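Notes for the structure review
Listed below, chain by chain, are the residues.
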Amino acid sequence: MAIELRNITKTFGKTRALDQVSLTLEEGHIYGLLGNNGAGKTTLLSILTDRQLPDSGQVLIDGLPARNNDTALGRVFLVGEQNFFPDDMKVKKALATVPLFYPSFDRDYAMKLTRQFGLPLKKKLTALSTGYSSIFRLILGLSVNTPYVIFDEPVLGLDAQNRDLFYRLLVEKFAEGGTTFIISTHLIDEVENLIEHTIILREGRVLRDAPTEALTDNAYSISGPAGLVDAYAADRTVLTSRSLGGLKTVSIQGRPDEQLPPGLEGSRMRLQDYFISLQEAEDAAQERKEITQ
């Protein structure tokens, strides 16, 4: 059982938002979908949920073509910024309406979450603040019980306490089994310990698609006097390099030696640092390419 994206391409005018993207999102995982603005994340999710058509390629949900297929699409729930309820509908009425479209929606659990988050039930959806609008949508995603739930920038407008509460509830829900979660976010540091598998998009291409631990275990930083760092990094794959006075820090692809030369310090890269280093390395490669053309 899985969501399969096969050779998805999408263009808007002269801009290629997605370029032959192929991914398999298997059940039983928490995925992180990462990328800078314009990387193609939102377009990818819109095509996955049949809200946009690709120029070419196909989406399969548990083996079923997603295009105009209510059976397949009913297995996926996208938590995004859009509100598909009537403007004058109140929160309580909206929660009572969801089971008409998603029979597995757990209304009792949703009501429990409204109390935990302090969501006002008697307010109209359009009268909710940005934070409470996000909370309303998060409650839907946590209560809908479809096999696949996608959160697109889920904590928009939430304070630190409510973000922490959401992440804890997500882990609890995942531990119950039955739901695969996909989180598209810019807050990489906050979700690093949640996501098991990371997908990194850049300019419509898949740059990385691997278990999170495999990415971060296979990259590290080395700091120390510039001469020592340069000597150590000479025969290694350097992602990025920064200098300050006589000191230097490089990000290196691969695994560090068990014992570093005297005068050098090393550390495993966090996912956000890896992401930034990867983007900087791509930027540098693009600049070199443009210079030689």
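First, a word on what this report is: a plain description of the structure on this page. (Residues numbered from 1 in each chain as written. Predicted model: local features only at pLDDT ≥ 70, side-chain atom pairs only at ≥ 80, totals over all residues. Heavy atoms only, no water.)

Check the secondary structure of the protein chain and you find 10 helices and 14 strands. Across its three principal directions, the C-alpha atoms of the protein chain cover 65 × 40 × 35 Å. Relative to its full complement of 293 residues, the protein chain shows a buried share of 46%. Of all intrachain contacts in the protein chain linking residues separated by at least 6 positions in sequence, the fraction that spans at least 24 positions is 67%. When the accessible surface of the protein chain is split by element, carbon and sulfur atoms take 48% of a total near 15,000 Å². Placing the 32 positive and 38 negative side-chain charges of the protein chain at their respective mean positions leaves the two points 8 Å apart. (Helix = DSSP H or I, 4+ residues; strand = E, 2+ residues; numbered from the N terminus. Buried < 20%, exposed > 50% of the residue type's maximum accessible area, 1.4 Å probe, protein only. Contact = heavy atoms within 4.5 Å. Areas by Shrake-Rupley, 256 points an atom, 1.4 Å probe, with all protein chains shown as cover. Lys, Arg positive; Asp, Glu negative; His and termini not counted. Charge placed at Lys NZ, Arg CZ, Asp CG, Glu CD.)

In this section: the environment of Glu26. Summarising the element assignment, Glu26 is placed in strand E2 (residues 15-26). With a relative accessible area of 42%, Glu26 lands in the partly exposed category. Sequence-distant contacts of Glu26, that is, excluding residues within four places in its chain, are made with Met1, Ala2, Tyr31 and Thr180.

Following the sequence through the fold, Leu125 ends up in the loop between helix H4 (107-117) and helix H5 (130-143). Overall, Leu125 belongs to the buried group, its relative accessible area being 7%. Expressed as a C-alpha distance, the spacing of Leu125 and Val91, which sit 34 residues apart in the sequence, is 5.9 Å. Those residues in contact with Leu125, other than ones at most four positions away along the chain, are Asn83, Phe85, Met89, Lys90, Val91, Ala94, Ser133 and Phe136.

Helix length check: helix H6 (residues 160-176), at 17 residues, gives a terminal C-alpha distance of 25 Å against a target of 24 Å (1.5 Å per residue), a fit within 8%. Residues of H6 that are buried include every one of Asn162, Arg163, Leu165, Phe166, Tyr167, Leu169, Leu170 and Lys173, and no others. On its buried side, H6 packs onto H4, H5, strand E7 (148-152), strand E8 (180-184) and helix H7 (188-191). (Expected span 1.5 Å × (residues − 1).)

Where like charges cluster on the molecular surface, the positive patch consists of Lys90, Lys92, Lys93, Arg107, Lys122 and Lys124. Topologically, Lys124 is positioned in the loop between H4 and H5. On the basis of relative accessible area, Lys124 is assigned to the partly exposed category, the value being 39%. (Patch = residues over 30% accessible without salt bridge, like charges linked within 9 Å, V, L, I, M, F, W, Y side chains within 5 Å. Salt bridge = Lys/Arg side-chain N within 4 Å of Asp/Glu carboxyl O.)

The angle between the axes and the distance between the axes are what describe a pair of packed helices. Contact pair H4 / H6: the axes reach a minimum separation of 11 Å and the direction vectors enclose 155°. The angle between H4 and H6 falls in the class roughly antiparallel. Of the two elements, H4 crosses H6, and the hand of that crossing is right-handed. Every residue of H6 that contacts H4 at Tyr109, Leu113, Gln116 and Phe117 is listed here: Asn162, Leu165, Phe166, Leu169 and Lys173. Of the residues contributing to the contact of H4 with H6, the split by class is six nonpolar, two polar and one charged. (Axes fitted to C-alpha atoms, helices over the stretch in contact; angles between N-to-C directions. Parallel < 35°, antiparallel > 145°, perpendicular 65-115°, else oblique. Left-handed = near helix turned anticlockwise from the far one by under 90°. Nonpolar A, V, L, I, M, F, W, Y, C, P; charged D, E, K, R; others polar.)

Inspection of the secondary structure assignment puts Thr114 in helix H4. Thr114 sits in the buried class, given a relative accessible area of 3%. Not counting residues within four places of it along the chain, the set of residues in contact with Thr114 comprises Leu95, Leu119, Leu121 and Ile139.

All quantities given are derived from atomic positions and should not be read as evidence of function.
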